[in-house]
Each structure stands twice: as C-alpha cells, then as structure tokens.
Amino acid sequence: MLTKFETKSARVKGLSFHTKRPWILVSLHSGVIQLWDYRMCTLVDKFDDHEGPVRSVCFHEQQPLFVSGGDDYKIKVWNYKLRRCLFTLLGHLDYIRTVEFHQEYPWILSASDDQTIRLWNWQSRQCVSILTGHNHYVMCARFHPTQDLIVSASLDSSVRVWDISGIVTTAGLGGSNSQEGLRSKNVAPGLGSSLLDEHPSLPHQFSGRGGGGGSHSRTTPELFSSGDAVVKHVLEGHDRGVNWAAFHPTLPLLLSGSDDRLVKLWRMSETKAWEVDTCRGHYNNVSCVMFHPRQELILSNGEDKSIRVWDLAKRVCLHTFRRDDDRFWVMAAHPTLNLFAAGHDSGMMVFKLERERPAYALNGNLLYYVKERFLRRLDLTKNKDVAIMQLRTTGRMTPPYSLAYNPAENSVLVTTRNTNTDNSCYDLYQVPKEESAGETTTPTEAAESKRAGGFTAVWVARNRFAVMDKHHQVTIKNLQNEITKKVAIPSNVDEIYYAGTGMLLLRDPENMSMFDIQQKRIMGTARVAKCRYVVWNNNLSIAAMLCKHNITILNRKMERLCSFTETSRVKSGAWDDSGVFIYTTSNHIKYALTNGDTGIIRTLDLPVYITRVQGTSVYCLDREPSPRVMTIDPTEYKFKLALVQRKYDEVLQMVRGAKLVGQSIIAYLQKKGYPEVALHFVKDERTRFLLALECGNVDVALEAAKALDDKACWEKLAEHALMHGNHPVVEYCFQQTKNYDKLSFLYLITGNLAKLKRMMKINEIRKDYEGWYTNALYLGDASERVRVLKSLGRTQLALLTAKTHGLEQEVESLASSCDIEVQVAPDATLLQPPVPVYSSGDAPWPALTKAKGFFDAAPSGSGASKTTTSAAIFGDEEDVVATAGDGWGEDSDEEVTAAAAAAGGSGEEKGEGGWDVDDDDLELPPDLDVSVAAGTATDGSGYYVPPPRAPPPSQGWSQRSQLAIDHVIAGSFESAARLLHQQVGVVNFEPYRALFLASYSHSRTSFPGAVGLPSLLAYPARNWRAAAQKDQLPVLGLTLRSCMDKLKEASQLTTVAKFTEAVAEFQAVLLCAPLLAVDTRQEVTEAQNLVRICKEYLVGIQMELQRKTLGKTSPEDIKRSLEMAAYFTHSDLQPGHQILTLRTAVNLAFKLKNYKMAMSFGRRLLNLGPRPEVAQTIRKVLQASEKNPVDAIEVQYDEHNPFNICAMSYVPIYRGKPEVTCPLCGASYLPEYAGKLCRVCTVAEIGKDCIGMRVSQLQFR
C-alpha cells in the first residue's frame, strides 16, 4: 500500500471523493466536515453545522453539492461553492448512518438507527419512500451502480436487496417522458436541478423550521407502508450484526461485513440469492467492505486495526496493512482513479494499492513499455504501437518495477518488486526480431525468460548485467543468467542505478556514489538523500537525481551543478537535446537549467511520465499506461539557455521574433544581471527608465525621463549621470528642475566659467541675492559681491569687502554713507576660487574605450530620430535661457564678432584657396626610408589605454554566500536587507544601520602605500586555512561569543532591576543574531537559543515595565497589575530571575488577599530552592494563606492551561487558540496584530511567512 496523503483529526466516520477535482470530504465524530485537497495536502474548507457526530457524506456527481447525515437526526444538503447549507431534510427519528446521492435520479438514500431506510427527492425536498423491514439499526444502504436496486445491512444480522423499479416507474423515470413524470410527482412546479444555483433558498411552500444555515423540510408519508419498493432478497448468514454491504460494479455479486469478523460474498439472480464464499481473517468487527472498481479484488477494514485485500476469484487474503493504535471505520474508492481512502480513530489516509508508474525504456526512437502483462514497442516517429511479447506473471498487485533494454543483444531485464523483498525477482527476456514480432496479432503465450531473485537488475556491459539481491549484495551475470563476478560494495548501499559501461551508481541513505566495477572503487560521491530515480542525458555526462520533492543535477564527476525543491511530488523527467531537463510533478511540466533556473511550461490534469523531449513535442506515458504526445512552448527556457551560454545572437533573434512573457522575463533578466536585454521587452516608460539606469544607459534613460517629465526622475537621472561623468545630461536635468544652485556648482567643478557668469546674471535678474552672491564667490568677483551687498543695504559689509580687496573707488563711495569705521583684520586672506586646470566644456568626462556589446543599442521608446546626448540637450537649452531672462549671453555675440575680425576676415567668405600646404607635387628620392615613430599610429588609435582595475575580493563574497552578514561586509546592503526580509521578516532597517556600518568597517584593513597615493586595503579571510583565495569569505567582527558576553551583561542589568537598560541590551543581542555566521550545527542551535532567551526576557521585562505604570487606586488597575505579575512568572527565565518574579507575584497576591494564588506562587518558588531567609518568609505566607485559601479578586489566569503571552496586549493565548508569531524573535501575538511591527525586536513584521533565521551554510544543504 502506497500512502499518498494523511490527516490527523478526530475519528473519521464518512468519506467521499470528488469525481473531477482532487478533493475528498471527511466527516468527523466531532461534528465537523472537512474538505481536503489530497494532491496539494491542504485543507480547502470546513463545514460545521451538525450537532454531534457526522457519520456519512457524499458528493454529487454533477452539481456542486454534497449531502451529510449525523446523530442530530438531520440530513443536510450543502453547496460547497456557496459554502453553506442549502436545506435540511427532517424525518428520521434516530442517528443517521449513511447517506448517498443516486447516480442519475435526484434522490438521496439514507439509513438510520430508527430501523428505516428513506428515499428523498432533493429537488422537491420531500421523502419519496420509507423502506421498513429491518428490526434493528440499519447500518448501511447503497444504490446499485446501474440497476434499480438498493442493498441494506442491519444489526439484525441480515442483508436485504430492495427493488425500487416501482418508484422509478411511478415517478416516470423509466419511460420516454421521464423528467415530466418525475416532476409531476416529486418536484415543485418550476423547481429543477438547473435552478438550484440560481435559487438556493427554499420556496414558501417548503418552508419549515429555520436554522442550521439552511431551511428544513419535514414530510410525513405513511410510516409503515412499503410504498413502491419491495424486498427482493433477504440474505441471512451472519451470526451477528452486519455493518456494511456493497454491490459489485458489473457482476451480480454482493459483499457484506459483520461483527462476526467475516466477509461474505453473495451472488443473486432475478429469483434468488445465495452465499458464494466467506473470507476469514479479521479478528475483530468488520467495519466496511467494497469491490475494487477495476480489478478482481475485495477490500475490507475493521476494528482489528487492519485493511485487507482479498482475491475475488480465490477468496484468499493477498495483503494486510496494519496500524498500531487506530481502528478503521469507513472506506471509499475514487470513481475514476486508482485511489482509496480509509478513516480511522485519529484521522484518515488516501492510498493506492500498487505503483502506477509504468516500466519503460527508451532506445533511440523506440519506446519499450509494459502494459497488461505485454511488452509493447512504440515507434515515436511512425506512431506505431505493437505488442511484441507476453511476459510471465508474478501475481496480483505486483506490476513490473523497472525495465532495462540492451540494444546490442536485443534483450530486456524486467524487475518486479514485492512488499516482501524475498519475493522480488527479475526476468531476462530475448526480444523477438522485428520481422517476427506480433505486428498485427497479440501474443497469446508467455515468452520464455530466465528468472532469478533480485531487488534490482541493470545492464553494465554489452553482455553483462548487475543484480542486487535481497541481502544488498551485487553480482555480475551473463546472458545465461550465470554469475561471473561478485562485487564488494559498502554495506549501507540499498539501490543501484545504470551509469554507463562498467559503472554503477550506488545509493545509500545519504549519498550517491559513482562506482567503477573493474577498479572496484568509488570514483566520486555527492550528498543526495533518498534518491528515487536517475535520468542521464544522451552522452551520459550529466545526471538528474529525482527525489520525492527534490531534484539534484550532477556531472559525471559527481559534482553538484544545482539543486532545487518542489512543493508537489516529482514524477519523471527527460533531457532535451539542448541540455535542458524537462520534468513533471503531480501538477505541472517544468524545466530546469544546469545553473539552477527553473520554470513552469504547462499545467497537467493528471500526472504523466516523460519518456522523451524533442522540439516542441513531449512524449510521455499516462497511468493506464497509454502513450501520449503533448505540445509545449520551449521559447522561454531556450531564451534563458542562450543567455547562460552567452549566445547573444540567438538571444537577439528571439527578442525580435518571439513572444515572451513580459514581467517574468524582465525580473529574470534583472536578477541575472542583464537589464540591457530587459530594455527590449519594456513598453512602460518608468520601467524603461529604471532599467536604463541599472545598466548605465544614460541615453535611453534621458528619453524615458523626457516622456515622464517627473521631478524625481530628473533628480535620479542627474545623480546617475554625474556618476558616469556625463555632466551635459546633469546640466540638462538641473535645468528641467530649475535647480540653479546645483547648476552653478556643476559649472564650477567642470570649469565652465562662461556659463557660471551667465548664471550670476540670471540670479541678478531673478533677484535671488543668495545665488547671486554665491556665484560671485565662485567666480572670485569682488566688485560683484560689493554690488550684491549694496543692493541688500548691507553697507558696512560692502565697505569691508571693498576695503579688503583693495577696491578704492568703491571704498570712497561707500565711506560717505557709512557712519562706522570699518577695520580690516591684519591676518585676513582673500576668498579666491582655484583656477580650473581643465575645462571640459560641453563634452562629458573622458572615459576608457569600451567595445559595444550585443545589447547596448537598446531601442528607444519613441519614434523620434536618434540624436546624440549633447545635441538633444543643447537643442532645448534655449527654452531654459528664455525662461531665465535676457541676461544669458547678452554680450557674447559682440565678442565673437570682434574675435573673428581680429583673425583676419569673415568665416563666410569662400573660394580663396586657403593655406598652400598641398605636397602631392614634391619630388623625393625613392631610397629614403623613414620609420614611423614608436608610440604613434596612423589609424588614430595610438593613445594609451590603462588596464581595467581588478575587482576587489569583496565582490565575490555576496555571490559565494547566502548569509546576510557576508552581504553586509561586502557592502551589498540592499541584498543583505533582502535576505533579512526573506529569512526573518525584517521591515524596519533603521536599527540595523549602525550594525551594517560597523560590520562593513571591520572587514578590511588599511595601510599607507607610496607617498601621494591613497592607502592600500587588505581583506582578511575567516577561512584562509581551508579555502582557496577565490573561495575565501571575510573575517567577522560580530561573533557568537561576543553576543553571549552581551547577553551576560543584560542578565546582570536585569538582576539589579535596571530594566530599561536591560531591554536595550537584549534588543541589541536580538538584532545581532541574524547577522551571525557559524560553522557547526551546535553553534546554530546556540544561536537559536540566544534568540529564544532574548525573547523571553524582553516580553517579561516589557510587561513588568508596563505593569509599573498602572495606578494603584482603580480596581481595574489593581486587577490588571496582579494578572501581569502572574503572567511574568511563566516567562522562561534563569532560576535566579524566576525567583524574583515569583517573589513579586507572591507579595502582590498576598497583599490583595488572593491567598490561593499566593499559595501557588509560593510552592513554585520553594521548588526553585531560594535562600534560607526567603524560603522562611514564603513558608509563613503559605501558612497564613492556607487558613483561607480563596481569591478576593477574580483574574484572567489559569496556571494549569499552558499559554503564551501576547507581546502587544499582554493577555494569555491559551494552547489551541489562534495566534501569530514574529518571524525573528518568535514572540506570540493575537491574530489582530498580524502585519504590524513587532514590539519585542522592533524590526520584524508580525505574522509574516518566512524561511527562518539562517546563520550557517549548513542550513542551506
């Protein structure tokens, strides 16, 4: 038995599979109905409307309905889409044991302890018929799958078969006008099944008692009338009460299970029914029996804690599956899939009886697979599928486990495994030639084979195969099935896999190893736990190890290329011709690249098993097994593969011609460092702007900024352009935002004094005296500064400025208007700006020559013609000047004209011949040979290009480590913050600022170099002894021991009652914990304990500080103070601090006359062994409290019920109540505080779903 899904709950009494969705209904003895998705292992919904146990549930085959019956005598019909009860059928007088929908008719069948069986019409909500005849509880009633029959089982030891064709005829269901006849008798006018979703409420003529989430319908037909149903057969043969009965889906057979521990098989005809045989084996009451829907098997379970599978033909028990402590009560079969469910005392389980994975082997275009005891061959190119031979049978429920084909000898190895490994075996077959194979006829006789016991058999050479026996010993055999060699392998190996000629893959519980048979030694080992299947690529260079929920890809040297985890089960996989691994899970077809990138190709309704991938076609087998061909779109993974392989021409081709998903591709390209490629997919201007900044494409960013025309965008573009030295773009951005101060400073640092003078005139026109004066300072123009001060009326400052700079005329004119004599300090120095060494003018700063890549010429967002950056800027500059006023360049035209005249003429004259420098007519001797001087070049490329700077060691730290502290030390604060958010839910990073900066500064040392050069940096490594230089990681300034020392200091502060300082210390330790990096699992545990201790102290101390703020006069405050003191005693503190909390609680409870609480606190305190004087005082308190052990104040405190303290409201959250926790410190909160900032750690979001704190690389394996 293969368990697929299991739940833990109260006793399960009813089960029902949905016909199409992967859902199962579970009714519990506690009164709850659960709806589970057994494929995703999640609870979909819960229905709680019954009073008492719910003993049966059943899905409707077409409508979104299910019916339930319970011990409250009610039958309820529910709509799971509306998530409520539609109506209730009343009429039974005792517990309802089973309910069931009819497959075709609008009927519900119910069996009850009132000794009746009732037939209901759920459309009209009336009781159609009451079947009486049993004289004890009716435990079960079931419809026949195809005929108008009902079978019932009762504790009166009988099984009855009822003929309901009379009801069908009366209702008009058997004739041509069936629906009209039915509605004329049993349905309200105008109310049909199609109207149920539109009008779920009950019509007025059927209104009954309200309540229960729906309406009630009570009908009172004639109680003891047989109606139109008659008893066809009464089967008596059991000695005790019968618990279950069931029809065979196709044959005239019946099953019954009884308290006499027997399962009986009955046959019936039109006139009589008789017992065929009895299945004996259960040693307690049989609870449920059923026929297998598609095989000749019987299933039964009972209170002997077992499920048994019987052979229908031989009536012998084939398999028994037991549980240790749980009795089984009910069982259900899926209507179409090979799935079963069984309910027991502590939950339920969904299981299969046998593996459904087909055994297959691929050789070129030929697929060999086993179906219904036949070996079949499918030609994938011609789509020709033939049965080539019949295999020997190995018993029921034991399909072939694996198939291995040898093309050299045209032989196959078929391995069959049994739950009892002693019965596992393999068969060696010689496949018939293609000419003699059964091309048109199916072979009727089993082929001859060489069979022997063995757990696994795989080919290792042209005429040799390896066999692992039940003792896990490996032998090499020839085609005559004779042992040629015994191979010694490690004792813990439990499986072998094919790995090429002369090689085997060995699996142990923790590792996979490559084993050389000739050399008899292990060539390599990789840590892969519980591998189930191995899939090699075509040249056997890469293998995919498929586990239950993991896939690991290794090369032939057993080096790990990548590993990833799936939430659903991994089923199969195959390698594409391009080297991409295509695999299936329960729900999807997915792809994986060898660098670890994965993605979804398409979804699946039912699992399939991939055999080959070729182009857009996926060849696979389903669970029948039948061959299928599925079409996929490989564009996405081929695009990613081309990027990984740096085939940029293919990338550009796919970018231009393929239709790729926008947001996912953009996110992938940004993550992998190809934002310039992502520019090809983006149409949104803001996204284009951000991507262009990320890849340093200032031109595209400028175009996007023009389209957005947003101040924030202009400022961000100016910042990035300044980093790139592209100050024309910076100038344009400052002009757009009218940021004249920054624009003036830009002109100063670039040496553009002419534009700086224009800016000064603009500020003068705008009456911006501060900017005017600042520009005068930048230019060193003292007379202009005097003018500014005079305009402001600051005569004394103007006089001082003029006198300092020796402006005698200005001094004379200002001295007359100034009453105070101004003295110049003798040590005063003039404020003169430095003279620009180099003026770049309107050109950007010079940069190194860099070859353009494939993706540098990203398409622009608009259809405008492409222009250079300078042209784009200067074309719009006149608009800015016009808005500034007339001060821009008012005398520049005259200066240019005068300079041109001084040069000797106008530049407009043409045709005068120019300079006479033509040397074509010179006659030089031909024997002269003048070599080109070194260092020059005729192509204009002879300038010196310095080599690029080597990357510092810190650049690789964040790439080699997934720990947040390594990203912090590398200076990658953004990725460190992202890791902290993913791992422990940090959303407030302000407290981490100092820690980040301190850790960053600890990672490097500085020492002086040559004179006049900057200092040199060195990067100490923490793993310098064991790792190569390229794999080294930075030294840590924050260690686990330093955190322990801080924890001791915080504990000492707690002891001396300096609570505020203690809170700060504990929070500092708590913030440091996610930034630790340790090497052993013991240290990981210590770091986790560190967080737990800090949390306990912080919650308790903060609650104590809150308690001390309460008043002492109000009864509410006094009560609240006592409660919080009691809660503090349950914090997990050190014994010394625990004694202090208990002393506080004892004193407060005794003073408030809560003597019972004081006694409880006192006993707990004495158990901790306090000092003798403290113990003596507590004993006196106990003696005084025992005289009157009552509490004067009733408080919300139950010491016997375990609870956590809400760190926000300081109220108890008792076990079983809903709560949310902080992902960093683990503090508990009530659900209404989810999404808020944690009060304990002050940085994490309450209730955020995170992966947990990671402080070691061991936690990522």
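Residues numbered from 1 in each chain as written. Predicted model: local features only at pLDDT ≥ 70, side-chain atom pairs only at ≥ 80, totals over all residues. Heavy atoms only, no water.

As annotated in an unreviewed UniProt entry, the protein carries the name Coatomer subunit alpha and is attributed to Hyalella azteca. In its Function (unreviewed entry) section, UniProt records this for the protein: "The coatomer is a cytosolic protein complex that binds to dilysine motifs and reversibly associates with Golgi non-clathrin-coated vesicles, which further mediate biosynthetic protein transport from the ER, via the Golgi up to the trans Golgi network." Heading Subunit (unreviewed entry) of the UniProt record for the protein holds this comment: "Oligomeric complex that consists of at least the alpha, beta, beta', gamma, delta, epsilon and zeta subunits." (UniProt positions renumbered as here; feature names shortened; annotations may be inferred.)

Engineer: Residues and numbers for the overall build of the protein, please.
Structural biologist: Helix and strand content of the protein: 29 helices and 62 strands. When the 1261 residues of the protein are sorted by exposure, 49% land in the buried category. For the protein, restricting intrachain contacts to residue pairs at least 6 apart in sequence, the fraction spanning at least 24 positions comes to 50%. Accessible surface computed for the protein: about 63000 Å², of which carbon and sulfur atoms make up 49%. (Helix = DSSP H or I, 4+ residues; strand = E, 2+ residues; numbered from the N terminus. Buried < 20%, exposed > 50% of the residue type's maximum accessible area, 1.4 Å probe, protein only. Contact = heavy atoms within 4.5 Å. Areas by Shrake-Rupley, 256 points an atom, 1.4 Å probe, with all protein chains shown as cover.)

Engineer: So what's going on with the packing of helix α7 (residues 685–695) against helix α9 (residues 711–723)? Residues and values would help.
Structural biologist: Close contact between α7 and α9 brings their axes to 11 Å; oriented N to C, the two are set at 15°. It follows from the interaxial angle that α7 and α9 lie roughly parallel. Handedness of the α7/α9 crossing: left-handed. For the pair formed by α7 and α9, the contact residues are Arg686, Phe689, Leu690 and Leu693 on the first element and Cys713, Lys716, Leu717 and His720 on the second. Of the residues in the contact of α7 with α9, the class split is 5 nonpolar, 1 polar and 2 charged. (Axes fitted to C-alpha atoms, helices over the stretch in contact; angles between N-to-C directions. Parallel < 35°, antiparallel > 145°, perpendicular 65-115°, else oblique. Left-handed = near helix turned anticlockwise from the far one by under 90°. Nonpolar A, V, L, I, M, F, W, Y, C, P; charged D, E, K, R; others polar.)

Engineer: Report on a nonpolar patch on the surface, specifying residues and quantitative values.
Structural biologist: Side chains of Leu722, Phe745 and Ile749 sit close together on the surface and give an oily, nonpolar patch of about 280 Å² of accessible area. Within the secondary structure, Leu722 sits in helix α9. You can call Leu722 partly exposed: its relative accessible area is 45%. (Patch = residues over 30% accessible without salt bridge, like charges linked within 9 Å, V, L, I, M, F, W, Y side chains within 5 Å. Salt bridge = Lys/Arg side-chain N within 4 Å of Asp/Glu carboxyl O.)

Engineer: I'd love a proper account of helix α10 (residues 727–736), names of residues and values included.
Structural biologist: Among the 10 residues in α10, 9 count as buried, and that is most of the element. Inspection of α10 places His727, Pro728, Val729, Val730, Glu731, Tyr732, Cys733, Phe734 and Gln735 among the buried residues, and these make up the whole buried set. Of the residues one or two after α10, Lys738 is the one with positive phi, at around 55°.

Engineer: How would you summarise the nonpolar core if you had to cite specific residues and measurements?
Structural biologist: Core analysis: the biggest nonpolar cluster contains 93 residues, and Tyr992, Phe1066, Leu1075, Phe1161, Tyr1229, Val1240 and Cys1241 have the highest contact counts within it. If we skip the residues at most four places from it in the chain, Phe1161 touches Ala1126, Thr1129, Leu1142, Ala1145, Val1146, Ala1149 and Tyr1197. (Core = buried A, V, L, I, M, F, W, Y, C linked by side-chain atoms within 4.5 Å.)

Engineer: Outline helix α14 (residues 782–792), supporting the account with residue identities and numerical values.
Structural biologist: Buried within α14 are the following residues: Ala782, Glu784, Arg785, Val786, Val788 and Leu789. Residues of α14 that are buried in the fold lie against α12 (753–765), α13 (769–779), α15 (795–805) and α16 (808–815).

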